[in-house]
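Reading the structure
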Amino acid sequence: MTDTAKMWIERARAGIEQLGIPELQKTGILPEAGKKFFPVIGYPPLTMFRDMDQDTLFKDFERRPVSPTIAYIHIPFCPSRCTFCHWITKTKSPEEAVDEYLHYLDQEMAIYKRNMGMDAIPARSVLVGGGTPTYLNAAQMERFMKSIHNHFDLTTCTQFSVEAEPGTLLGEDGAAKLKVMKEHGVDRISMGVQSFDDDVLRYMGRVHTRAEAIAAVDAIHDAGIHNVMIDLIYAYPNQTVESWVENLLTAASLNVAGWQLYRLRVKQHGDRQGRILKVMNREPDRFPSVEETLLMKYLGITMSEELGYGEHQTRIFAKNKDEISHYLRDWCCALTDVVGVGVSSWSNLRGVFSLNVGDHDLQKYYDYIRQGKVSVNRGKIRDRDDELRRSFILPLKNMTVSKKFYKARTGVDVNDVFGEQLVWFKEHDLIAENQDSIWLTKRGRFFADEVSTQFFNPDYLPFPEVLLHTAPLAAV
Ligand SMILES: C[S@@+](CC[C@H](N)C(=O)[O-])C[C@H]1O[C@@H](n2cnc3c(N)ncnc32)[C@H](O)[C@@H]1O
Ligand code: SF4
């Protein structure tokens, strides 16, 4: 072990003691003492969505309250199928298959526009995700970018972000597609690096190396796109605490704006189970222990901060706060509406959540669009309880709850709804409050998912083992 890694690990071991994890384990808020976790990315969670179609999504649309809107567009193609990944993707698709998808995607954007009664949908931020959007070749990228500009009005858009896989950005092809993206206003690339360790990358089923990931960062800058953020995963099989420290040091040595850190999720959260569950069932000992996982998390937070990358949104670290994903910020903190286009995307339009068909061979997706419909097949109309909780849970988990914002959204004071519930969390140094805001303390932020899950409707809990320290909501 290098002296530097040793120094960081020793400091982290001392620091993590201060969080009093054994005491929290006894309270029952950490399912299976922290072994299980549930990433809170939306509320109500997708597990609560039921069958629904576009008639419900667009019913009385023009009479429902208007919100600022952001756009998410899903590209389900990838150069390989990574062992850990649960997203809807297809690998090694031929050019014609991608062309076909782009055709239907364009149609679906037009159908959204028509149902929303708009010539172009104003998008305050855009995220193109996947899958791997940069699997498209330059000509396809040009066509796709034109579709977006055709159907969305980006005049007030504050960020146009695209997810990428390193290998797809290299060489002449890579430079050509980056040039097209830059010309069409893409100003941020979020690149899945996952690890800088070649052995771990191979084991993950990635088809790029550490050197290629580093070269891709330079290729993005060469194309004139200077906001480059990377994704890294911790608690992967065969990963050691030391190698995680080396990963973070490598990330900080590159010309990147920052990174998003993901704890490995073994169970699916959507329509597809990744192969990683089989690995877990077959070889559980290859996975880092709960103690090692929490130490990696602690190192991720403290090293990022000490190396100059602030945690501007939970587990999203950047030198400059404006470089983080505006899409995620708008979705989680401003609670904007979302138009989600493409297979497996979700939307949030004027009080109704919807989820598109999670169809990995794409044929069901195409069927919807051939019938002139958006591909929605599940969703949820939010009720008052959902709204009161969502307006608290998502800002709490991700940043801070502004009391003024809460009142403006819900018409009631946050303390009238959650005042009593907060007492236990304040006593346990998990939540703090002043006149204007409510936020997670250092201890609370470390367990941001677990603490925010405590404010879920008891019927929506992801695990039966979660012991709630909250009472029913006050009637307001
Ligand atoms: C939708 S993926 C797109 C990134 C891009 N396709 C790539 O992998 O190069 C977004 C990020 O989610 C994270 N992710 C995907 N599956 C995960 C899992 N099972 N556990 C933790 N993080 C995961 C990865 O870090 C990934 O980069
Ligand atoms: S992690 Fe990225 S490249 Fe790998 S299968 Fe998932 S979406 Fe595709």
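Residues numbered from 1 in each chain as written. Chains lettered and ligands numbered in written order. Predicted model: local features only at pLDDT ≥ 70, side-chain atom pairs only at ≥ 80, totals over all residues.

**Some words on the overall build of the chain**
How we decide: Put simply, DSSP H or I for four residues or longer makes a helix, DSSP E for two residues or longer makes a strand, and each gets a number counted from the N terminus. Here the globule rule is a power law, 2.2 Å times the number of residues to the power 0.38, and the radius of gyration is based on C-alpha atoms. Between the buried cut of 20 or more and the exposed cut of 12 or fewer other C-beta atoms within 10 Å of a residue's own C-beta lies the partly exposed class, and all C-beta atoms are placed from the backbone. Placing a C-beta atom from the backbone of each residue, one calls two residues in contact when those atoms lie within 7 Å.
Across its full length, the chain carries 18 helices and 20 strands. What you see for the chain is a C-alpha radius of gyration of 22 Å, in line with the 23 Å of a compact globule of 476 residues. The C-alpha extent of the chain, read off along each of the three principal axes, is 55 × 55 × 40 Å. Looking at the chain residue by residue over its 476 residues, the buried ones come to 43%. Contacts spanning at least 24 positions in sequence make up 77% of the contacts within the chain whose residues lie at least 6 apart.

**Digging into the nonpolar core**
Put simply, the rule reads: The nonpolar core is taken to be a set of buried Ala, Val, Leu, Ile, Met, Phe, Trp, Tyr and Cys residues joined by way of C-beta atoms within 7 Å.
The biggest cluster of nonpolar side chains holds 130 residues, and the ones touching the most others in it are I220, Y234 and L299. Those residues in contact with I220 that lie beyond four places of it in its chain are L169, L178, I189, I225 and V228.

**A word on the domain arrangement of the chain**
Our working rule: Where each domain starts and ends comes from a domain assignment, either automatic or drawn from a database. Residue classes follow a fixed rule: Ala, Val, Leu, Ile, Met, Phe, Trp, Tyr, Cys and Pro count as nonpolar, while Asp, Glu, Lys and Arg count as charged, and any other residue, Gly among them, counts as polar.
As assigned here, the chain comprises domain 1 (23–40 + 384–460) and domain 2 (46–334). Residue-level contacts link 13 residues of domain 1 with nine residues of domain 2. Counting residues per element, the side of domain 1 that touches domain 2 draws most heavily on helix α14 (residues 384–398), at four residues. In the side of domain 1 that touches domain 2, the residues fall into eight nonpolar, two polar and three charged.

**A short note on unusual backbone geometry**
Cis geometry is adopted by the peptide bond preceding P44, which originates at Y43 and carries an omega value of -10°. When you line up the elements, P44 lands in the loop between α2 (21–27) and β1 (50–51). Following G130, the chain continues into G131 via a peptide bond in cis, with omega recorded as 20°. Assignment of secondary structure puts G131 in the loop between β6 (126–130) and α5 (138–151).

**Some thoughts on the site of ligand 1**
Rule in force here: Should the C-beta atom of a residue, placed from the backbone, lie within 6 Å of a molecule or strand, that residue is near it.
In the vicinity of ligand 1 there are 18 residues, among which E165, G192, D231, Y262 and R265 approach most closely. Where the shell around ligand 1 is concerned, the elements lending two or more residues are β6, β9 (188–194) and β10 (227–234). Taken together, the residues of the shell around ligand 1 break down into six nonpolar, eight polar and four charged.

**Brief notes about the packing of helix α4 (residues 95–116) against helix α13 (residues 363–370)**
Selection rule: All axes are obtained by fitting lines to C-alpha atoms, using only the stretch in contact for helices, and the reported angles, taken between N-to-C directions, cover 0 to 180 degrees. Each angle gets one of four labels, with under 35 degrees taken as roughly parallel, over 145 as roughly antiparallel, 65 to 115 as roughly perpendicular, and the rest as oblique. Crossings are classed by handedness, with left-handed meaning an anticlockwise turn of the near helix from the far one by less than a right angle and right-handed meaning a clockwise turn.
Closest axis-to-axis distance for the α4/α13 pair is 10 Å, and the angle between their directions is 45°. In this view, α4 runs oblique relative to α13, as classed from their interaxial angle. As for how α4 packs across α13, the hand of that crossing is left-handed. For the pair formed by α4 and α13, the contact residues are Y104, Q107, E108 and I111 on the first element and Y365, Y366 and I369 on the second. When grouped by side-chain class, the residues that make up the contact of α4 with α13 number five nonpolar, one polar and one charged.

**Considerations on the site of ligand 2**
Residues in contact with ligand 2, as listed here, are C78, R81, C82, C85, W87, T89, G130, G131, T132, E165 and G192. Considered class by class, the residues forming the shell around ligand 2 number four nonpolar, five polar and two charged.

**Side note on the pairing of strand β2 (residues 69–75)**
What counts here: Pairing between two strands is assigned when DSSP locates at least 2 bridges connecting them.
Buried residues dominate β2, accounting for seven of its seven residues. Where burial is concerned, the two faces of β2 agree: the one with T69, A71, I73 and I75 and the one with I70, Y72 and H74 are both buried. In the sheet, β2 pairs with strand β14 (residues 337–341) via five bridges, with the strands oriented parallel. Directly across from T69, in β14, lies its bridge partner D337.

**Let's talk about the pairing of β6**
Each regular strand displays side chains that alternate between the two surfaces of the sheet. Among the five residues in β6, five count as buried, and that is most of the element. Sheet topology places β2 next to β6; five bridges connect them, and they run parallel. Note that in β6 the partner of I73 across the bridge is V128. The sheet contact formed by β6 and strand β8 (residues 160–164) spans three bridges and is parallel.

**Observations concerning the environment of R329**
Locating R329 in the fold gives a position in helix α12 (residues 326–334). Separated by 144 residues in sequence, R329 and G185 have C-alpha atoms that sit 19 Å apart. Beyond its immediate chain neighbours, meaning those up to four positions away, R329 contacts Q313, I324 and A334.

**A word on the sheet that holds strand β18 (residues 401–402)**
Strand order in the open sheet formed by three strands is β18-β20-β19, with antiparallel pairing between adjacent strands. Both outer strands of the open sheet, β18 and β19 (431–433), are each paired with one neighbouring strand and no more. Here three bridges tie β19 to strand β20 (residues 437–440), and the two strands are oriented antiparallel to one another. For I431, the partnering residue across the bridge sits in β20 and is L440.

**With respect to α14**
Where we set the bar: To estimate how far a helix should extend, the number of its residues minus one is multiplied by 1.5 Å. A residue's bend is simply the angle between two axes: one fitted to the seven residues ending at it, one to the seven starting at it.
Taking 1.5 Å per residue as the helical rise, α14 with its 15 residues ought to reach 21 Å, and the 22 Å between its terminal C-alpha atoms agrees with that figure. Residue R390 marks the point of greatest curvature in α14, where the axis turns by about 30°. Counted residue by residue, α14 has eleven buried out of 15 residues, so it is predominantly covered.

**Overview of α4**
So the rule is basically this: The arc in question is the one spanned by the directions pointing from the helix axis to the C-beta atoms.
Taking 1.5 Å of rise per residue, the 22 residues of α4 would be expected to cover 32 Å, and the 32 Å separating its terminal C-alpha atoms lies within 8% of that figure. Taken as a whole, α4 has its buried residues at V98, Y101, Y104, L105, E108, M109 and Y112. Angular distribution of buried residues about the axis of α4 spans 150°; they occupy a single face of the element. Set apart from the buried face of α4 by more than 90 degrees, the exposed residues are E95, E96 and R114. The inward-facing, buried residues of α4 abut β2, β3 (77–78), β5 (121–122), α5, β14 and α13. Positioned one or two residues after α4, G117 has a phi angle of 65°, which is positive.

**Concerning the environment of H221**
If you trace the backbone, H221 turns up in helix α8 (residues 210–222). Residue classification places H221 among the partly exposed positions, given that 16 C-beta atoms sit within 10 Å. In this structure, the C-alpha to C-alpha distance between H221 and V256, residues 35 residues apart in sequence, is 9.4 Å. With near-sequence residues (within four places) excluded, H221 lies in contact with H226, V228 and N255.

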